[in-house]
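Coordinate analysis (summary)
Letter by letter, the chains look like this.
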Amino acid sequence: MTKSSSQQPRPPARFTEVYDGEAKGAQHQDAAIDREALLDALLGPFPLPLFYKNPHGRYIGCNKAFEDFCGHGREEIIGKTDFDLNAKHLAELYSVENEALLERGGAQHSERKMLTASGAVRDVVCNKAVLSGENDVPAGLIGAVIDITEHKQAERELKKALEFAEGILTAIPDVLFEADEDGRYLQVWTRNPDLLAQQKEMLLGKTVNEILVPEQAAIAMEALHTAGREGVAYGRCIRISLPNGETRWFELSVAKRPSADPTAATTLLAFSRDITERKQAEDAINSVRTQLLSVLQTMPDMIWVKDIDGVYLLCNHTFERLTGLAEANVVGKTDFDLFDIERARFFRESDKAAIKAGECILSDEEWVVSQDNGQSILLETRKVPVMDAAGEVVGVLGVARDVTELNASRQKIHQMAFYDPLTSLPNRSLFNDRLRQMITSAGSRGQRAGVMLIDIDHFKVVNDTMGHPVGDQLLCQAAARLNASVRDYDTVARLGGDEFAILLPDLRQGDDLGRIASGILEKFKDGFLLDGKEVFISCSVGIALYPGDSADANDLVKYADSAMYLAKRSGRNNFRFYSKDLTANAEERMRLESELRRAIEREELELHYQPKVLLDSGAMVGSEALLRWRHAEMGMIPPDRFIPVAEDTGLIVELGRWVLREACQTAVELNAESQAPHKVAVNLSAKQFQSAGLVKSIADILGETGCRAEWIEIEITESLLLDQKDETLQTLSELRSMGFSIAIDDFGTGYSALNYLARFPIDTLKIDRSFINSADRRNEELVKAILSIARCLGQNVVAEGVETAEQAAFLAANGCGSAQGFLYSRAVPKADIIALRQRSPAGGSHPGEMWVRGRIPSSGTPSSGVPLETERAAGASALSK
């Protein structure tokens, strides 16, 4: 529909002139054609969006296609600028472009993205040109919008396809050729130019016959011709000499190149794959295959091959030797022809199993071989299906090895791994495994179970006195008695040394464990016949119960062990059940051990000294060094708590060195500027005597402290003189020669083998406090006897534990020279003993007054923090009186 001239803008002047001229030339028409209607008629049906603007950028016309593209009606466009119709940034861009075009004239071509009326973003080309007016003054712009979205999408897809193709060609390791039917190289693609017979530039335009040697070129051309006729050709292999002098093999795969143009010349695509390594492997395999047949004949294993029907195809010499059958009599036969019916069926079934499994199967077969003696051997047999090139099973390969001796060794290794070689009982490994099984089974069935640990009492004495072979006899007899004491389904194991363990599953009666433990003790009451002698040996038993004590395997063993040691401490030859107090005691012991290891570096240890007094004059002639431990948190720890821990763990050796060093330093101070010597007595434990370098260590301490040997008295126990007699005698003699005096501590409480008093270099006997504190008439006679023996041997006597004047008077009246005890003083710190040394009578006076003032009350706790009763009881340990 055409609008009136008042409603539409006028077209440019140039257009008016054109139409005016045409109007003047049409004299036969009745009226002039409206110019604006003519312009609309020309632009309206045009398929491209068209528009025109005046020099000021205001739209003065457009066609229907432009209206549809913009989504605005003609009345919304005419008279408007881009600032009215578009976003500001786009309007500014269009304005700049238009001004530049009007200024320079001509035409403008630009690509951009535009938003259509439907909201789609389209790729477009915008072509604009300047409209000239009178005197060539620009009358405005005319523009056309060309939608190139599909064209751009096609370009992108094509680019992707090309990139993908290039990626494939780059990724594949092969060489790709394009050639014509005459074998002329048209194109070459490869990521490895070193695989080309010549450089790419030299190949292009040449034929296969010009590049390859004749026989190899013939193979390549034959592949090209076949592909030209049939479309594809595979599997041809050619040998090519490369420029670097290397010869390599390539496999050709050729296909006719597809083409949509039936008139186009036929070209072929050829993939050339480097198969040099494969050819080399095939050659090696062929060489090995040739050698294999000869090698099979030298192998010690039986080897044979059967076809799918079980007919023997070959066998080696070992097969002939072990079966007694010659190869000529085996090949072509089946197992049913060679062996008895049952064995043949077994072989045939195992062949079928290997074929069905499609892989190697292993079995143990017992064969009766060697027709002469009918010897039976065990063969470990492997059978594997034989495949052809197509992957079809065509037979069975069998390999059998004589494992008769190996099987015997395996059984022996198993026996060694899980059974004690001496008693043939399960060892610790098998015990632990069965213990876990027992707990699992008992837990699933809701049953109770028990663990016993048994230790032979005084086993070390048997070993030391009768020898280890006799000790082994005792272990074997004990194992037999333990087995006889339990039920058939119980497990008796030897864990090591003289320690046995028993697993007792399925406990139904409440007293089952006690009854079995009592039965074990009863069995041990009968004498053991060892080396022709009847010896009576007892045992100690510890018991832990599942699940009452614990459901953990390790805990049960640990708890049974704690109970067993309680049985030993309770006098041996009995059994004890685990209780939680045992764990608490063990934890306390572990804590004491841990803290004791740090006590020296923390300077928590200190020495106290108990005076040694002459009974006739009261003069202090010496003192005994006693160890004390003042812990930062636990306070003063009684010696009877930590000394046993130190002895059991071996810490007593290190503590003993520290005590000796401290005592030597104190002896130096006590004897400074003194005419009468003051001897400091130091206890040496049995473990110190067993440690290497004891004499040298003592000599080093003397050198460090400046102490003289005659100021120190070494105290030892009677038991030390009975153990390792020769070594002990040598050590004591060396110490005596250095100037030390030697004292026997707690005399009368040991083994009382009095012959050692004359044999060993003993200077002093210290009568144990138990003889002094007892009012028993017999003890008094024993004290008199000891004093008499000492006089005869020229030895001094010190009475320990003297607490009353009556005891002191009795000792003095019977010839005892000196004493120590609470009558005179408790053990006091270093400063106090030095003060007492200075106050001590020089000699000749009665002890009375000074020592009475210094005496400790009969009850209470001294300044050391250790109760008196504890100090009295602590006399059992040499370092802790």
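Residues numbered from 1 in each chain as written. Predicted model: local features only at pLDDT ≥ 70, side-chain atom pairs only at ≥ 80, totals over all residues. Heavy atoms only, no water.

Let us now look at helix α26 (residues 694–705). Taking 1.5 Å as the rise per residue, α26 with 12 residues should run 16 Å; its terminal C-alpha atoms sit 17 Å apart, in good agreement. A positive backbone phi angle near 75 degrees is found at Gly706, which sits one or two residues after α26. (Helix = DSSP H or I, 4+ residues; strand = E, 2+ residues; numbered from the N terminus. Expected span 1.5 Å × (residues − 1).)

On to the nonpolar core. Core analysis: the largest hydrophobic core is formed by 75 residues, its most contacted members being Leu627, Val680, Ile712, Ile716 and Val802. At 11 residues, helix α24 (residues 651–670) tops the list of elements feeding residues into this core. If we ignore the near neighbours within four places in the chain, the residues touching Ile712 are Ala663, Cys664, Ala667, Lys679, Val680, Val682, Cys707, Phe740 and Ser741. (Core = buried A, V, L, I, M, F, W, Y, C linked by side-chain atoms within 4.5 Å. Buried < 20%, exposed > 50% of the residue type's maximum accessible area, 1.4 Å probe, protein only. Contact = heavy atoms within 4.5 Å.)

What follows is about the packing of helix α23 (residues 639–649) against α24. Relative to each other, α23 and α24 sit at 115 degrees, their axes nearing to 5 Å. By the angle between their axes, α23 is roughly perpendicular relative to α24. Together, Ala646, Glu647 and Thr649 of α23 and Leu651, Ile652 and Leu655 of α24 make up the contact between the two elements. Taken together, the residues of the contact of α23 with α24 break down into 4 nonpolar, 1 polar and 1 charged. (Axes fitted to C-alpha atoms, helices over the stretch in contact; angles between N-to-C directions. Parallel < 35°, antiparallel > 145°, perpendicular 65-115°, else oblique. Nonpolar A, V, L, I, M, F, W, Y, C, P; charged D, E, K, R; others polar.)

What follows concerns α23. Those residues of α23 lying buried are Pro639, Phe642, Ile643, Val645 and Ala646. Projected onto a plane normal to the axis of α23, the buried residues spread over an arc of 160 degrees and lie on a single side. Just beyond α23, the residue with positive phi is Gly650, at close to 90 degrees. (Arc of directions from axis to C-beta.)

Attention now moves to the sheet that holds strand β4 (residues 121–132). Whether parallel or antiparallel, the strands of a sheet pair through hydrogen bonds between backbone atoms. What the 5 strands build is an open sheet, ordered β2-β1-β5-β4-β3; its pairing is antiparallel. Two strands lie at the open edges of the sheet, namely β2 (59–62) and β3 (107–115), each paired on one side alone. Ignoring strand direction, the axes of neighbouring strands in this sheet form an average angle of 25 degrees. Against the sheet, helix α6 (residues 88–104) touches β1 (50–53), β3, β4 and β5 (138–147), its axis set at about 170 degrees to β3. (Pairing = 2+ DSSP bridges.)

With that settled, the discussion passes to the pairing of strand β17 (residues 491–496). Most of β17 is tucked away: 5 of the 6 residues are buried. Where β17 lies against strand β18 (residues 499–507), 5 bridges are found, and the strand directions are antiparallel. Counted as the bridge partner of Arg494 is Phe500 from β18. Connecting the antiparallel pair β17 and β18 is a turn made up of 2 residues, with Gly497 showing a positive phi of about 55 degrees.

The next thing to look at is unusual backbone geometry. Residues Tyr546 and Pro547 are joined by a peptide bond in cis, for which omega reads 0 degrees. Mapped onto the elements of the fold, Pro547 is located in the loop between β21 (539–546) and α21 (553–569). A positive phi angle, near 55 degrees, is found at Asp506, a position not held by glycine. Mapping Asp506 onto the fold places it in strand β18.

Put plainly, two cysteines are in a disulfide when a covalent bond ties their sulfur atoms together. Summed over all chains, the structure comprises 0 disulfides. Free cysteine: Cys62, not disulfide-bonded; nearest cysteine sulfur from Cys70 at 7.5 Å. Relative accessible area serves as the criterion here: at 3%, Cys62 is assigned to the buried category. Not engaged in a disulfide, the cysteine Cys707 finds its nearest cysteine sulfur in Cys664; these two sulfurs lie 4.1 Å apart. (Disulfide = S-S within 2.5 Å.)

Quick look at the side chain of Asn54 now. Along the chain, the position of Asn54 falls in the loop between β1 and β2. For Asn54, a relative accessible area of 18% puts it in the buried group. A polar contact of 2.8 Å, which involves the side chain of Asn54, links it to the backbone nitrogen of His56. Excluding anything up to four places from it in sequence, Asn54 contacts Ile60, Ala139 and Gly140. (Polar contact = N/O pair within 3.5 Å; in protein donor to acceptor, adjacent residues only side chain to side chain.)

What follows is about the confidence of the model for the chain. When pLDDT is averaged along the chain, the result is 82; 86% of the residues meet or exceed 70. Element-level pLDDT for the chain is lowest in helix α1 (residues 13–25), with a mean of 42, against a maximum mean of 95 in strand β31 (residues 818–819). Here residues 1–33 is modelled with pLDDT under 50, and outside its nearest four sequence neighbours on either side it reaches 32 contacts, counting other chains as well. The model gives residues 872–878 a pLDDT under 50, and that stretch makes 16 contacts with residues more than four places away or in other chains. (pLDDT = per-residue confidence, 0-100.)

Scanning all chains against the criterion turns up 47 salt bridges. In this structure, Arg278 engages Glu251 in a salt bridge whose closest nitrogen and oxygen atoms are separated by 3.3 Å. You can see Arg278 sitting in helix α11 (residues 276–296) and its partner Glu251 sitting in strand β9 (residues 247–256), a full 27 residues away along the chain. The partner of Arg515 in a salt bridge is Asp512, with the nearest N and O atoms 3.1 Å apart. Separated by 3 residues within a single helix, Arg515 and Asp512 lie in helix α20 (residues 512–523), roughly one turn from each other. Judged by its relative accessible area of 48%, Arg515 falls in the partly exposed class. Several salt bridges converge on common partners, so that one network encompasses Glu246, Arg248, Asp274 and Glu277. (Salt bridge = Lys/Arg side-chain N within 4 Å of Asp/Glu carboxyl O.)

A few words on the pairing of strand β28 (residues 741–747). Across the 7 residues of β28, 7 count as buried, placing the element largely inside the fold. Here 5 bridges tie strand β27 (residues 712–717) to β28, and the two strands are oriented parallel to one another. If you follow Ile716 over to β28, its bridge partner there is Ile744. The sheet contact formed by β28 and strand β29 (residues 764–767) spans 3 bridges and is parallel. Bridged to Ile744 within β29 is Leu765.

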